[in-house]
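So the chains spell out like this:
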Amino acid sequence: MEEALVAGGWGLLAGAALLIGAFVGYDLRVPARAVALVMAFGSGVLISAISFDLVADADERGGLTPVLLGALAGAVLYTGANVLLARRGARHRKRSGGQQPSEAERPGSGNAIALGALLDGIPESVVIGASLIGGGGVSAATVAAVFISNVPEGLSSSAGMRRSGRDRRYVFGLWSGITVISGMSALLGRTVLGTMPDAALAAVSALAAGAILSMIADTMIPEAFERAHLLTGLVTVLGFLVAFALSQS
């Protein structure tokens, strides 16, 4: 039980980065290019954490087959859910420009954006909880990766929400709720996944990895490239290397 509460605390901390980003994105005027560069950096950090912490650990636990099947299932599930939400107005939920529709332009799009934010955040939080399985401490690289990537996600999305006419109560209520759910997801990641055999745990971990990688490709990198253009690749690699160094320390 103690480890589960610790997992929940780390999940809350990582989720709180969304609130930090939301405050900056909604109340301050951050240059779009700066947002894009931080988004690119966060993408690299997450890719590194997926590669060296999540997928590598899943392979050690359960072997190649559960990893391949789990990652593919995660990508398919995320993509399918993302397509449905995109049709309801959540396609540009991480965009900081004027791409997000207002509620008047697309009734129900606010709910779709909220569900999309949950879809993006839950796999990351589950992974934080799962990193405590086995008696070791939480993966610092995983927590850092989620925290660093959540700041530009909250920043970019909230800037877009402000431009589409959504008020403070909606924006900060949304991210506060997701922060709490992030903590709960991390707690469940430790308690529920901790009861699974190694092969099943490997498959579920890989499923989360596939979902997160699909999210990066579908929502984070497009926003980064639109504003940062040819610097996107360089900054993404820098984020990757920083997270790799953390995982090796």
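Higher on the page you've got the structure.
Enquirer: Which parts of the structure should I look at to understand the environment of alanine 144?
Expert: Its place among the elements puts alanine 144 in helix H5 (residues 140-163). Sequence-wise, alanine 144 and leucine 46 are 98 residues apart; in three dimensions their C-alpha atoms are separated by 9.0 Å. Contacts of alanine 144, omitting those with residues within four sequence positions, involve Val45 and Leu246.

Enquirer: I tried to follow a nonpolar patch on the surface on my own but got confused; where do I start?
Expert: Together, Val6, Trp10 and Leu13 give the surface a local cluster of nonpolar side chains, amounting to about 230 Å² of exposed area. Looking at the secondary structure, you find tryptophan 10 in helix H1 (residues 2-27).

Enquirer: Which parts of the structure should I look at to understand the layout of surface pockets?
Expert: Empty space among the atoms can be located by rolling a probe the size of a water molecule over them. In this structure, the largest pocket spans a volume of roughly 280 Å³. Taken together, 18 residues make up the lining of the largest pocket; nearest its centre are Asp53, Leu54, Asp57, Ser131 and Ser139. The biggest single contributor to the lining of the largest pocket is helix H2 (residues 32-62), with 8 residues. Each residue belonging to the lining of the largest pocket can be placed in one class, and the counts come to 9 nonpolar, 5 polar and 4 charged.

Enquirer: Teacher, can you tell me more about H1 here?
Expert: Three- or four-residue spacings in an α-helix give side chains the same orientation, since the helix completes a turn every 3.6 residues. Relative to the 38 Å expected for 26 residues at 1.5 Å per residue, H1 spans 37 Å between its end C-alpha atoms, a close match to the ideal helical length. Those residues of H1 not exposed but buried are Ala4, Ala7, Gly8, Gly11, Ala14, Gly15, Ala17, Leu18, Gly21, Ala22, Gly25 and Tyr26.

Enquirer: I would appreciate a short explanation of the packing of aromatic side chains in the present structure.
Expert: The relative placement of two aromatic rings is captured by the distance of their centres and the angle of their planes. Scanning all chains against the criterion turns up 3 aromatic pairs. Taking the centre distance of 5.6 Å and the plane angle of 65° together, the rings of phenylalanine 52 and phenylalanine 240 count as edge-to-face. Taken as a pair, phenylalanine 52 in helix H2 and phenylalanine 240 in helix H8 (residues 232-248) lie far apart in primary sequence, 188 residues in all. For the pair phenylalanine 52 and phenylalanine 244, a centre-to-centre distance of 4.7 Å together with 50° between the ring planes defines the contact as tilted. Within this pair, whereas phenylalanine 52 is found in helix H2, its partner phenylalanine 244 is found in helix H8, the two being separated by 192 residues in sequence.

Enquirer: Got a minute to help me understand the environment of arginine 169 in this structure?
Expert: Looking at the secondary structure, you find arginine 169 in helix H6 (residues 168-191). In sequence terms arginine 169 and isoleucine 148 are 21 residues apart; their C-alpha atoms lie 24 Å from each other.

Enquirer: Looking at this structure, I do not really get the pattern of salt bridges. What am I missing?
Expert: Applying the stated criterion across every chain yields a total of 3 salt bridges. Arginine 61 serves as the salt-bridge partner of aspartate 198, at 3.9 Å between the closest nitrogen and oxygen. Taken together, the residues aspartate 198 in helix H7 (residues 198-228) and arginine 61 in helix H2 connect sequence positions 137 residues apart. Classification of aspartate 198 by relative accessible area gives partly exposed; the value is 42%. Given the relative accessible area of 25%, arginine 61 is considered partly exposed. In this structure, a network of salt bridges that share partners links the residues Asp57, Arg61 and Asp198.

Each value, and the rule that gives it
- All residue numbers refer to positions counted from 1 along the written sequence of the respective chain.
- With the structure being a predicted model, the display of local features is reserved for residues of pLDDT at least 70 and the display and counting of side-chain atom pairs for 80 or more, all residues being used for whole-chain, interface and lining totals.
- The side-chain quantities take in all heavy atoms of the structure and omit both hydrogens and water.
- Helix and strand labels come from DSSP, where a helix needs a run of H or I of at least four residues and a strand needs a run of E of at least two; each type is numbered from the N terminus.
- The contact criterion used is simple: two residues touch if any of their non-hydrogen atoms lie within 4.5 Å.
- A patch consists of residues whose relative accessible area exceeds 30% and which take part in no salt bridge; residues with like charges are grouped when within 9 Å of each other, and nonpolar side chains (Val, Leu, Ile, Met, Phe, Trp, Tyr) when within 5 Å.
- Using the Shrake-Rupley algorithm and a 1.4 Å probe, accessible areas are obtained, with residue cover drawn only from the displayed protein chains.
- Salt bridges are counted wherever a side-chain nitrogen of Lys or Arg sits within 4 Å of a carboxyl oxygen of Asp or Glu.
- Lining residues are those with an atom within 4 Å of a point, where the points come from a 1 Å grid over the protein atoms alone and group into cavities, where a 1.4 Å probe fits but cannot get out, or pockets, open sets with protein on both sides within 12 Å along at least five of seven lines.
- Grid points are joined across faces, edges and corners, and a volume is the space filled by probe spheres set on the points.
- Only Asp, Glu, Lys and Arg are considered charged in this grouping, and only Ala, Val, Leu, Ile, Met, Phe, Trp, Tyr, Cys and Pro are considered nonpolar; every other residue, Gly among them, is considered polar.
- Expected span, for any helix, means 1.5 Å times one less than how many residues it has.
- When accessible area is computed with a 1.4 Å probe and restricted to protein chains, residues below 20% of their type maximum are described as buried, those above 50% as exposed, and intermediate ones as partly exposed.
- Each pair of aromatic rings taken from Phe, Tyr and Trp, with Trp reduced to its six-membered ring, is defined by centres within 6.5 Å and is described as stacked if the planes are under 30 degrees apart, edge-to-face if over 60, and tilted in the remaining cases.

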